[in-house]
Amino acid sequence: MPDFQFISFLGQWEGYTIGEVQRLEPGLGRARPEVWIDLRPNQAYPLCCSSCGRRIDRSHDLELRFVRDLPILDAETWLRVPRRRVQCPFCGPKLEHLDWLDPYARVTRRLAESVARLCHDVPILQVASFFGLDWKTVKAIDKRHLEQRLGPVDLRGVSVLLMDEFAIHKGHRYATTIVDPYTKRVLWVGRGHTRESIRPFFKLLGEQGCRAIRAVVMDMSAAYELEVRSFCPQAAIVFDLFHVVAKYGREVIDRVRVDEANRLRYSRRDRHVIKSSRWLLLRNKENVVRTEDRVRLREILDANKALFTVYVLKADLKHLWDFRYPQAARRFWRQWYARAIRSRIEPLKRFALRLKPYLEGIIAHCRWRLHTSLLEGINNTIKVIKRRAYGFRDDDYFFLKIRAAFPGDGR
């Protein structure tokens, strides 16, 4: 087989034949070897309109394009392609349809597919360096590929939602993630964590979709709760254990620890022991595994009544999410609330008073045994995606990457 025919066979550039082939070695601004291939229009190849696909008798004019293809061995591959334009009686002047090259594209479809596959696991900058492409070109290819592959999100059959926020940039800039807990699909991601920022999701869900929502799991965010009640008044609001306990740690344990350390300011050793015990007190007892940590925790709790009280009540508060029957959960809450008020520990009393209005959302866990631990795992993966790309300036692209990372299990 002649060389040009063999190259044409490998290239699969339908509609064109091989002209001159030239190899250029590195130098004069070239960082790596290049192969330039001249393609010539095959007059016997049928012309089709790229818009409607209809057969056209003859071309209207030619325009020379320089197109990148997959590398040939160690060399970048460039194609000189005279792109034919046809005069479609229905669509007007259009480029001819080619299976291997999209209209106005500067890379072949197979190179774009290779770039998109590699972008799934490798940062954009490394993909750009590997193929010798500009990072903006790689990003545009990957974004277009994700848009075509993912398409609009399918919200049919969604009945339960998980909502949580994650930090998108430094400086308290957040985005909201909404997930279907049963299929583990990311349904929507939007910048911000206010009522206005999540409203587009419910408008996308539509009136019928909003009526189908039976429960929404969230943290104790007033913005989330008000917006859900506005669009889905029939849905049960379920407050998550993780966020309530985390709030308890910040508002009660941390505050009591600091207050007790300040009270012992004249005893430098005792003050240091209390101040340095933050993470030990915030950890669950079953997670304190080292012997020296167990001994230290026991000594701190034995020596300080206030810390002992808030530590025990934190463990008891978690049991509220173990109940299956609402009445039993309410009885347990009344007992816990009374103990917190009688403790005379101001941070604990304030927390109990603030938590009381959220009781129905906590009790709803008896019916909807769901939590946002799935979302916490998703948010950790989001952080990895963000770090891998050194941050994302294009929100739409960033959110597409998140959707692609969590397509769901199809259940």
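Worth saying up front: this structure is predicted, and the values here are computed from it rather than measured.

About the thresholds
Within any chain, residue numbers begin from 1 and follow the written order of that chain's sequence. Residue-level local features of this predicted model are given only where pLDDT is at least 70; pairs of side-chain atoms are given and counted only at 80 or more, and the full residue set underlies all totals for whole chains, interfaces and linings. Hydrogens are left out, water is left out, and the side-chain values use all remaining heavy atoms of the structure. Comment: elements are numbered from the N terminus, with helices defined as DSSP H or I runs of at least four residues and strands as E runs of at least two. Here the term buried applies to any residue with accessible area under 20% of the maximum for its type, exposed to any over 50%, and partly exposed to those in between, with areas from a 1.4 Å probe on protein chains only. Contacts are assigned to residue pairs that have any heavy atoms within 4.5 Å of one another. Only the protein chains shown count as cover for residues, and the accessible areas themselves come from Shrake-Rupley with a 1.4 Å probe. In a helix, the anticipated span is given by 1.5 Å times the number of residues less one. Regarding the arc, it is the one traced by the directions from the helix axis to the C-beta atoms. What counts as a salt bridge is simple: a side-chain nitrogen of Lys or Arg found within 4 Å of a carboxyl oxygen of Asp or Glu. Residues scored as charged are limited to Lys and Arg (positive) and Asp and Glu (negative), so that His and the chain ends carry no count. Here, a disulfide means two cysteine sulfur atoms that sit within 2.5 Å of each other.

Q: Explain the overall build of the protein to me, please; I cannot follow it from the model alone.
A: Counting secondary structure elements, the protein contains 16 helices and 12 strands. Buried positions account for 45% of the 411 residues belonging to the protein. A separation of at least 24 residues holds for 57% of the contacts in the protein among residues at least 6 apart in sequence. Carbon and sulfur atoms make up 53% of the accessible area of the protein, which amounts to about 23100 Å² in all.

Q: How should I be thinking about helix H12 (residues 326-342) in this particular structure?
A: In an α-helix, one full turn covers 3.6 residues, which means residues spaced three or four apart are oriented alike. Helix length check: H12, at 17 residues, gives a terminal C-alpha distance of 24 Å against a target of 24 Å (1.5 Å per residue), a fit within 8%. Within H12 the residues assigned to the buried category are Ala-328, Ala-329, Phe-332, Trp-333, Trp-336, Tyr-337 and Ala-340. When H12 is viewed along its axis, its buried side chains cluster within an angular range of 165° and face the same direction. Set apart from the buried face of H12 by more than 90 degrees, the exposed residues are Gln-327, Gln-335 and Arg-342. Of the residues flanking the end of H12, it is Arg-344, one or two places downstream, whose phi is positive at about 65°.

Q: Please clarify how the pattern of salt bridges should be interpreted in this entry.
A: Side-chain pairing between opposite charges can occur once the charged atoms of the two side chains come close. Counting across every chain of the model gives 26 salt bridges. Note that Asp-316 and Arg-339 form a salt bridge whose closest N and O atoms lie 2.7 Å from each other. Separated by 23 residues along the polypeptide, Asp-316 in helix H11 (residues 305-318) and Arg-339 in helix H12 bring together distant segments of the chain. Judged by its relative accessible area of 33%, Arg-339 falls in the partly exposed class. A cluster of three or more residues bridged by salt bridges with shared partners is formed by Arg-23, Glu-25 and Asp-74.

Q: Even after reading the chapter, I still don't get the side chain of Asp-219, so can you show me in this structure?
A: You can see Asp-219 is positioned in the loop between strand S11 (215-218) and helix H6 (222-231). Here Asp-219 is buried and forms no salt bridge, its nearest opposite-charge partner Arg-250 lying at an N-O distance of 7.9 Å. Residues in contact with Asp-219, not counting those within four places in the same chain, are Met-163, Asp-164, Tyr-224, Phe-239 and His-243.

Q: How should I be thinking about the state of the cysteines in this particular structure?
A: Think of a disulfide as a covalent bridge from one cysteine sulfur atom to another cysteine sulfur atom. Counting across every chain of the model gives 0 disulfides. With no disulfide of its own, Cys-88 lies 3.7 Å from the sulfur of Cys-52, the closest cysteine sulfur. Under the relative-accessibility criterion, Cys-88 is labelled buried at 2%.

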